[in-house]
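# Architecture and fold: a report
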Amino acid sequence: MLYIISTLIVLFLVYKVITKEKVEPKINTVEIQEHWYTILEENVLFYQQLSTEDRLHFKKRIQTFLNSVEIIAVDFVFEDLDILLVAASAIIPVFGFNNFMYPNLKTVIIYPDYFNEDLEFAAKSKNKIIGGLVGNGRFENKMILSRRALHHGFTNKTDKGNTGIHEFVHLLDKLDGNIDGIPKALLDNKNLLVWLDLVHDKMEDINNDDSDIRNYGGTSKEEFFAVACEYFFERPMLLKRKHPKLYQMLDDCFTVD
């Protein structure tokens, strides 16, 4: 009898451990703050141009993003503006995709300044030219952004560039497994060859100093795609006028008017 009771106690304790392990982890519950609307209105041109209904959808998408991705500040205390600019950078490229969230991102790490290949950002560090990167290896599912570069992308509304959008586009490029500048997840197969021919011609123009697309876009297909997307979301009408075929291809990718 004593043996049976002991056995039952052991089984009960095992059951408690198992059920405890099955408890769902806590989910973030970031709530949209009323003053965030003003911050978006003052700092995010894309948001300013949305209808009232789309603005509400944008806010909900930002809330969903912030509830699914951890944002970490390194050597500074981030403000609401920092958080909202990261979230806006994420939502702008996928605003045309209903409720899409990035399956390949868990954490965004923000450094206070530009950094180098060794991830050094101190004032005495050399070659601090990197504004953002999408990690691999130990940084898989992580993104690193320079706070200065992130802010510059939204404060300068005429330079056709935005570091935050650039890095999130790399994550979209990576949905098919590779960051290679071939957006297989965004374009149907019949348009991929057209895209590659167009990229070849546009990169050639960049490298011959015969293009207004940023020079960095001429370094590789993957960087061309991200740079072209910055242009598309920052200065869409200018891109449409100067590069109508490229504009149409990106419009097909992102389904955003």
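Residues numbered from 1 in each chain as written. Predicted model: local features only at pLDDT ≥ 70, side-chain atom pairs only at ≥ 80, totals over all residues. Heavy atoms only, no water.

### Re the overall build of the protein chain
Stated precisely, the cut-off is as follows: Helix and strand assignments follow DSSP, with helices taken as H or I runs no shorter than four residues and strands as E runs no shorter than two, numbered in order from the N terminus. With a 1.4 Å probe rolled over the protein chains alone, any residue whose accessible area is under 20% of its type maximum counts as buried; one over 50% counts as exposed, and the rest are partly exposed. The accessible surface values rely on the Shrake-Rupley method and a 1.4 Å probe; as for residues, cover is taken only from the protein chains in view.
For the protein chain, the count of helices and strands is 11 helices and 4 strands. Residue burial in the protein chain is summarised as follows: out of 257 residues, 45% are buried. Split by element, the accessible area of the protein chain, about 14,500 Å² in all, is 53% carbon and sulfur.

### Observations concerning the pairing of strand 4 (residues 142–146)
Inclusion rule: In this scheme, strands are said to pair when DSSP sees at least two bridges between them.
The element strand 4 is largely enclosed, with a buried count of 4 among its 5 residues. Across 5 bridges, the pairing between strand 2 (residues 107–111) and strand 4 is parallel. If you follow isoleucine 109 over to strand 4, its bridge partner there is isoleucine 144. As defined by bridge partners, strand 3 (residues 132–134) adjoins strand 4 across 3 bridges and the pair is classed as antiparallel. Note that in strand 4 the partner of valine 134 across the bridge is methionine 143.

### Quick notes on the nonpolar core
Definition in use: Grouping buried Ala, Val, Leu, Ile, Met, Phe, Trp, Tyr and Cys residues that are joined through side-chain atoms within 4.5 Å yields what is termed a nonpolar core. We call two residues contacting when some pair of their heavy atoms lies within 4.5 Å.
Residues Phe58, Phe65, Tyr102, Leu250 and Phe254 are the most contacted members of the largest nonpolar core, which totals 69 residues. Among the elements that make up this core, the one with the highest residue count is helix 5 (residues 80–94) (10 residues). Not counting residues up to four positions away in its chain, the partners in contact with phenylalanine 254 are Pro93, Gly96, Phe97, Leu172, Leu186, Phe225, Cys229, Phe232 and Phe233. Counting 8 residues, the second largest nonpolar core, distinct from the first, contains Ile109, Tyr111, Phe121 and Phe139.

### What to know about the packing of aromatic side chains
Basically, it comes down to this: Pairing of aromatic side chains here covers Phe, Tyr and the six-membered ring of Trp, requires ring centres within 6.5 Å, and sorts the geometry by plane angle: under 30 degrees stacked, over 60 edge-to-face, intermediate tilted.
Scanning all chains against the criterion turns up 17 aromatic pairs. Ring geometry for tyrosine 47 against phenylalanine 58: centres 5.7 Å apart, planes inclined by 55°, an arrangement best described as tilted. Of the two residues, tyrosine 47 is situated in helix 3 (residues 45–48) and phenylalanine 58 in helix 4 (residues 52–68); the sequence distance between them amounts to 11 residues. Judged by relative accessible area, which is 0%, phenylalanine 58 ranks as buried.

### What about the confidence of the model for the protein chain?
Applied cut-off: pLDDT expresses, on a scale from 0 to 100, how confident the predictor is about each individual residue.
Across the protein chain, the average pLDDT comes to 87, with 88% of residues at or above 70. Per-residue pLDDT stays below 50 along residues 1–28; that stretch engages in 2 contacts with residues further than four places along the chain or on separate chains.

### A look at helix 2 (residues 34–43)
Quick reminder of the rule: Relevant arc is that of directions from the helix axis to the C-beta atoms, nothing else.
Among the residues of helix 2, those classed as buried are Trp36, Ile39, Leu40 and Asn43. Seen end-on, helix 2 carries its buried residues on one side only, within an arc spanning 95°. Of the residues in helix 2, the exposed ones pointing more than 90 degrees away from the buried face are Glu34 and Glu42.

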